[in-house]
Amino acid sequence: MLLRKFIAILSFFAPRVVSTKKPEYQHLPPLREQAKIQDSWRQERLDSVPALLEKHGVDAWLLSQKEYAEDTAFWSMKQAVQFSARRRTTYIFFAEHLVESKNCTFQSWIDITPAVWTELEHVLEACNPKSIVVDTDPQIAFASGLHAGERDLIVGQLGPYWADKLVNKPIVPVEYIGTMPKSRLGWYRKIMETAWAIIDEGFSEKVITPGKTTTEDVEWWMRDKIQALNYTTWFQPAVSILGPQTVIGPPNTPGARPIAYGDLLHVDFGVTAMGLNTDTQHLAYVLPPGDKEKDIPQGIIDGLKAGNRLQDLTRANMKIGLSGNEILKNILDNVHAEGLEGQIYSHPIGDWGHAAGTLIGMAFLQDGVTVLGDLPLLKNMWYSVELYAEHYVPEKNATLNFFLEEDVYWHDEKESWEWVYGRQERFHLIKPKEKKGLFRIQG
Ligand SMILES: *[C@@H]1O[C@H](CO)[C@@H](O)[C@H](O)[C@H]1NC(C)=O
Ligand SMILES: *[C@@H]1O[C@H](CO)[C@@H](O)[C@H](O)[C@H]1NC(C)=O
Ligand SMILES: *[C@@H]1O[C@H](CO)[C@@H](O)[C@H](O)[C@H]1NC(C)=O
């Protein structure tokens with residue numbers, strides 16, 4: 001296995017710095033303990049709302065929803081033991097200056113009767129907000145969670161005076177959902193380590209027998225492993241055999257040939273636990289009998305290096321305050337200036353696999369992404385640095401795409417984006433099975 005081998009090699013030849021250790025499965029605490037941890041994160045986030053509203057120059061944020069027709073932002077506000085909104089669930093938050101001057105604290109109702117509207121109106125009269133954010137954005141999912149019927153009802157019940165003060169301010173829900181409390185990082189790192197450990201074992205001779213195991217077999221092994229660890233996931237793992245022009249997207253066609261010696265393998269893999277999601281893409285090489293890591297074709301090694309360089313250029317260009325589209329252009333300018341080729345499609349991650357915040361490219365949208373790419377990059381978020389380097393491999397007389405993905409978090413002191421767990425710099429290796437019989441003479 002790659003990383004175990006790694007450490008052994010490191011101690012002998014002490015080559016360039018590698019930050020990763022062999023990943024271990026991280027077991028989750030009992031559910032009651034998980035709920036306590038998650039609710040402490042929730043409280044931190046709810047407490048941040050008045051300052052968030054103040055920062056964006058709005059006075060209030062109103063969310064209202066019914067059971068099974070929740071606002072998208074609800075999922076980032078709920079307690080661990082809430083599985084949906086109940087009846088009609090209505091929340092109102094106020095900006096800091098109204099909290100301080102008029103004691104306008106957060107209020108919530110669970111009430112299916114019209115009484116909620118009378119009470120809400122009293123609160124509005126007492127606090128007198130000049131603007132009330134509602135999540136009605138036409139384009140951004142995380143800012144469009146107010147259902148149309150609910151909006152009509154609010155407008156009808158509150159009347160024109162308050163209806164006039166309703167505003168669409170997408171950055172409010174986007175920043176709320178996208179911002180990750182620092183206290184989450186410890187568990188996120190552990191959950192990420194588990195994701196790496198599953199890839200590490202899945203991409204090894206323990207799971208793959210060349211000539212027999214298919215990519216689908218590895219995918220389902222991964223699903224079962226996730227379940228055995230009491231984790232879940234947010235997408236079906238996708239394992240592929242990379243060839244010329246491989247485009248990652250739809251799952252493998254059933255009945256594809258088994259994995260063979262000399263194959264370059266790819267996985268797109270994520271896990272979910274404690275309300276957090278990960279997203280990782282790694283590469284593996286199937287060693288033919290008699291070959292060692294040093295026998296991997298140089299063109300393939302160079303392809304991974306090119307991918308690593310694209311990762312560095314992406315991280316370095318992720319400047320706070322620039323839009324995703326500006327960042328994308330800067331990255332691609334750097335990539336091309338170095339004579340490299342590839343695509344960048346990096347996205348926020350956290351509460352959702354594809355979370356709230358600006359997009360830095362999308363696959364096949366390398367000139368920018370409308371609306372979502374125009375948002376500014378915010379700090380204190382997590383991003384999935386997702387991309388591929390296009391690299392000609394002479395040994396295969398073909399140009400291959402080297403797909404890589406690793407998650408980063410914002411490091412306040414260093415003012416940079418750092419790997420949550422690490423990044424792949426060497427291939428996972430599927431080693432030929434040892435012919436145990438040969439060694440029996442010793443015993
Ligand atoms: C402020 O409002 C909260 C909630 O409505 C209430 O419990 C609290 O007593 C109020 N504090 C003051 C100082 O009025
Ligand atoms: C999964 O959960 C079950 C039931 O709570 C527990 O017995 C088991 O030890 C857990 N497994 C792991 C790997 O955490
Ligand atoms: C390499 O590939 C190109 C284009 O697919 C082909 O024209 C050429 O003959 C190949 N070269 C060798 C040595 O196979």
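Numbering of residues starts from 1 in each chain and follows the order in which that chain's sequence is written. As a convention, the first chain written is A and the first ligand written is 1, with the rest following in written order. At least 70 in pLDDT is required for a residue's local features to be given in this predicted model, at least 80 for side-chain atom pairs to be given and counted, and no such filter applies to totals for whole chains, interfaces and linings, which use all residues. Computation of side-chain values covers all heavy atoms of the structure but excludes hydrogens and water.

As annotated in an unreviewed UniProt entry, the protein is Peptidase M24 domain-containing protein from Zasmidium cellare ATCC 36951.

K.L.:
Which residues make up the sheet that holds strand 4 (residues 132-133), and what values do they have?
P.N.:
In short, DSSP must find at least two bridges between two strands for them to pair. By definition, any uninterrupted DSSP run of H or I lasting at least four residues is a helix, any uninterrupted run of E lasting at least two residues is a strand, and each is numbered from the N terminus. An order of 3-2-1-4-5 is seen for the five strands of this open sheet, with the pairing classed as mixed. Of all strands in the sheet, those bounded by a partner on one side alone are strand 3 (107-110) and strand 5 (166-167). Inspection of the sheet shows strand 4 paired to strand 5 by two bridges, in the parallel sense. Paired with Val133 across the bridge in strand 5 is Val167.

K.L.:
Before we move on, can you summarise unusual backbone geometry with the specific residues and values?
P.N.:
Even without being glycine, Val371 reaches a positive phi, approximately 60 degrees. Looking at the element boundaries, Val371 is found in the loop between strand 12 (347-349) and strand 13 (382-393). Exposure classes here rest on a 1.4 Å probe applied to the protein chains alone. A residue is buried below 20% of its type maximum, exposed above 50%, and partly exposed in between. Overall, Val371 belongs to the partly exposed group, its relative accessible area being 30%. Phi angles above zero are rare outside glycine, and Glu415 is one such case at about 50 degrees. You can see Glu415 is positioned in the loop between strand 14 (398-411) and strand 15 (416-419).

K.L.:
Which residues make up the pairing of strand 13, and what are the values?
P.N.:
Most of strand 13 is tucked away: 10 of the 12 residues are buried. Alignment of strand 11 (residues 341-344) against strand 13, held across four bridges, turns out to be antiparallel. For Ile344, the partnering residue across the bridge sits in strand 13 and is Leu387. Here strand 12 runs beside strand 13; their pairing, made up of three bridges, is antiparallel. Residue pairing for strand 13: Ile349 is matched across the bridge by Trp382. Pairing of strand 13 with strand 14 involves 12 bridges; the strand directions are antiparallel. Looking at the pairing, Glu386 lines up with Glu405 of strand 14. The hairpin turn running from strand 13 into strand 14, its antiparallel successor, is four residues long, and Asn397 in that turn takes a positive phi close to 45 degrees.

K.L.:
Got a sec to walk through the site of ligand 1? Specific residues and values, please.
P.N.:
We call a residue near a molecule or strand as soon as one heavy atom of that residue lies within 4 Å of the molecule or strand. Near ligand 1 you find Asn103, Thr105 and Gln107, and these make up its full shell. At 2.5 Å, a side-chain N or O of Asn103 approaches an oxygen atom of ligand 1. A 3.5 Å cut-off defines polar contacts: any pair of N or O atoms within that distance qualifies, except that in protein one atom must be a possible hydrogen donor and the other a possible acceptor, and neighbouring residues in sequence count only when both atoms are side-chain atoms. Residue Gln107 places a side-chain N or O atom 3.5 Å away from an oxygen atom belonging to ligand 1.

K.L.:
Explain the state of the cysteines to me, and be specific about the residues and the numbers.
P.N.:
Cysteine sulfur atoms are paired as a disulfide whenever they fall within 2.5 Å. Scanning all chains against the criterion turns up one disulfide. Disulfide pairing is shown between Cys104 and Cys127; the S-S distance is 2.0 Å. The S-S bond linking Cys104 to Cys127 shows a torsion near -110 degrees; that makes this disulfide left-handed. With Cys104 in the loop between helix 4 (96-102) and strand 3 and Cys127 in helix 5 (residues 115-127), this residue pair connects regions lying 23 residues apart in the sequence.

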